Amino acid sequence: MPDDELRNPQVAELRIALESLGLSTKGQVKVLKERLRKAKKRTQDSAVETESNSSESAIESNASEATEGPVVAKKVQQPFDFYCVFDVEATCREDNVGWKHEVIEFPVVLVCGRTFETIAEFRSFVRPVLNPVLSDFCTQLTGITQDQVDSAPTFPEVLKLFEAFLSRYKVKHGRMRFITDGPWDIRDFVRNQCVYSDIRRPAYFDTYLDLRRIFTKFYGRKGGKRANLNGMLSLLNMEFEGRQHSGIDDTRNIAKIAVCLMEKGCVFDSTLR
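Just so you know, these numbers come straight off a predicted model, no measurement behind them.

Calculation rules
- Residues numbered from 1 in each chain as written.
- Predicted model: local features only at pLDDT ≥ 70, side-chain atom pairs only at ≥ 80, totals over all residues.
- Heavy atoms only, no water.
- Helix = DSSP H or I, 4+ residues; strand = E, 2+ residues; numbered from the N terminus.
- Buried < 20%, exposed > 50% of the residue type's maximum accessible area, 1.4 Å probe, protein only.
- Contact = heavy atoms within 4.5 Å.
- Areas by Shrake-Rupley, 256 points an atom, 1.4 Å probe, with all protein chains shown as cover.
- Axes fitted to C-alpha atoms, helices over the stretch in contact; angles between N-to-C directions.
- Parallel < 35°, antiparallel > 145°, perpendicular 65-115°, else oblique.
- Left-handed = near helix turned anticlockwise from the far one by under 90°.
- Nonpolar A, V, L, I, M, F, W, Y, C, P; charged D, E, K, R; others polar.
- Salt bridge = Lys/Arg side-chain N within 4 Å of Asp/Glu carboxyl O.
- Phe/Tyr/Trp six-rings, centres within 6.5 Å; stacked < 30°, edge-to-face > 60°.
- 1 Å grid on protein atoms, 1.4 Å probe; cavity = no way out; pocket = protein on both sides within 12 Å on 5 of 7 lines; lining within 4 Å.
- Points joined across faces, edges and corners; volume = space filled by probe spheres on them.
- Core = buried A, V, L, I, M, F, W, Y, C linked by side-chain atoms within 4.5 Å.
- Expected span 1.5 Å × (residues − 1).
- Arc of directions from axis to C-beta.

A. Looking closely at the overall build of the protein. Looking only at helices and strands, one finds 10 helices and six strands in the protein. Taking all 273 residues of the protein together, the buried fraction comes to 40%. At a minimum sequence separation of 6, the contacts of the protein that also span at least 24 residues come to 62%. Taken as a whole, the protein presents about 16100 Å² of accessible surface, with 50% of it coming from carbon and sulfur.

Next up, the structure:
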C-alpha cells in the first residue's frame, strides 16, 4: 500500500471508488475528490436524462392511445353467437298437488355472445287451455291478470311468434343457447306444455345452460351449494330490479348476472339435457 494511503485512509477510499469507475487514481486528495465529484455528477445527469426520456416516451404513448381511443380488455370469446335468457311463468294455485302448470308468460332477453350486449327482448303472454281461469294466488304471485291471458295467443302460436323473432335477428338455432335460472323452465314447464299442447318440442329446447350450475362452478363454491337468483345478485353486489315473479323482470335480472359473468371471463359452454 502506498505511503500516502497509510497516512490518510481517505485517499485509499477515494482511489478504490475511482478505480471501480474505471478512472485514474493518480493525484493528491484534492484532485481525487474533484475527479470523483465530477464522475458522480455525470452519472446523476445521465440518470435524469434517461428518466426524462422515459417520461416523454410514456407521455407520447398515452397521447397516442388517447388519439386512437381507450384500450379495451380483450373479451373472452363465447362459443355461441347468441344467448336467449329465458324464465317462464306458469299457472299455479296455493296447493299445487296434482296441478298441471301451463305456461302463461314467455319472455326472452337476447344477448350477443360477442359483445355481451342485449340485442332485443321478446315477451308474450300465453292463453292457458286446461285451466283457463287464473287463481287469485297466481295473479298475486306473478302480477298476470285474467284479461292478459284471455287475449293472448296459445302456446303453439307463441312459439311461431318467437321463431319469427329469432329469424328477424338472424339467430340460427345451432348458434344459440338458452340460459335459465335452474332446470325447471325447460326441463319441466316447456316439456310438459308441449305435451299439453300436443306438439313436438322444438329442437332448440333440447339443450340449455343452467346459470346456477355455471355460477357455482365459476366461483368454486364449497360443497357445490347453488345460490338462487337473489343469492347470485347479492354475491355480485347487485340488486333485483323490477317485480319478482314477473317473467320479463326475472329474465332481465338473470341476463344481468350472465353478462356480468361473461365479462369476468366465464365461458357459457356446458350443456344440460
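There is more to say, and it comes next.
B. Layout of the packing of helix α8 (residues 211-219) against helix α10 (residues 247-263). Viewed as axis vectors pointing N to C, α8 and α10 meet at an angle of 30°, and their least axial separation amounts to 11 Å. As the angle between them shows, α8 and α10 are arranged roughly parallel. Where α8 crosses over α10, the two elements pack in a sense that is left-handed. Between α8, through Leu 211, Phe 215, Phe 218 and Tyr 219, and α10, the contact on the second element is made entirely by Ile 254, Ile 257, Ala 258 and Leu 261. Along the lines of polarity and charge, the residues of the contact of α8 with α10 split into eight nonpolar, no polar and no charged.

C. The pattern of salt bridges, seen in detail. All chains considered together, the criterion is met by 10 salt bridges. Between Arg 37 and Glu 34 there is a salt bridge, with its nearest N and O atoms 2.7 Å apart. Note that Arg 37 and Glu 34 are positioned in helix α3 (residues 29-68) at a spacing of three residues, about one turn of the helix. Note on Arg 37: relative accessible area 44%, which makes it partly exposed. Of the charged contacts, one joins Glu 105 and Arg 123 as a salt bridge, the two residues approaching to 2.8 Å between their closest N and O atoms. Pair noted here: Glu 105 is in strand β3 (residues 103-112) and Arg 123 is in strand β4 (residues 118-125), with a separation of 18 residues, a long-range link. Arg 123 gets classed as partly exposed once you look at its relative accessible area, which sits at 43%. Members of the salt-bridge network, linked through shared partners, are Asp 81, Arg 114 and Arg 175.

D. Focus on the packing of aromatic side chains. Throughout the structure, instances matching the rule amount to 19 aromatic pairs. Members of the aromatic cluster, joined through ring pairs, are Phe 86, Phe 106, Phe 122, Phe 155, Phe 162, Phe 165, Tyr 169, Phe 178, Tyr 204 and Phe 205.

E. Representation of the layout of surface pockets within the structure. Reported here for the largest pocket is a volume of approximately 520 Å³. Forming the boundary of the largest pocket are 23 residues, of which Asp 87, Val 88, Glu 89, His 245 and Asp 250 lie nearest the centre. Sort the elements by how many residues they give to the lining of the largest pocket and helix α7 (residues 184-196) lands first, with three residues. The class makeup of the residues in the lining of the largest pocket is nine nonpolar, eight polar and six charged.

F. The nonpolar core, seen in detail. Within the largest apolar cluster, 27 residues are counted, with the highest numbers of intra-cluster contacts made by Tyr 83, Ile 179, Leu 211, Ile 257 and Phe 268. If you list the elements that add at least two residues to this core, you get β1 (82-86), β3, α8, α9 (229-235) and α10. Residue contributions to this core peak at eight residues, all from α10. Residues in contact with Ile 257, not counting those within four places in the same chain, are Leu 211, Phe 215, Leu 229, Met 232, Leu 233 and Leu 236. Among the nonpolar cores identified, the runner-up in size contains 26 residues, and Val 88, Phe 178, Ile 186 and Cys 194 belong to it.

G. Up close: helix α6 (residues 155-168). The first and last C-alpha atoms of α6 sit 20 Å apart over 14 residues, in line with the 20 Å expected at 1.5 Å per residue. Every buried residue of α6 is accounted for by Phe 155, Val 158, Leu 159, Phe 162, Phe 165 and Leu 166. Mapping the buried residues of α6 onto a view down its axis gives an arc of 115°, with all of them on the same face. Exposed and oriented more than 90 degrees from the buried face of α6 are Lys 160, Ser 167 and Arg 168. Along its buried surface, α6 packs onto β1, β3, β4, β5 (176-180) and α7. Directly after α6, the chain includes Lys 170, whose backbone phi takes a positive value near 55°.

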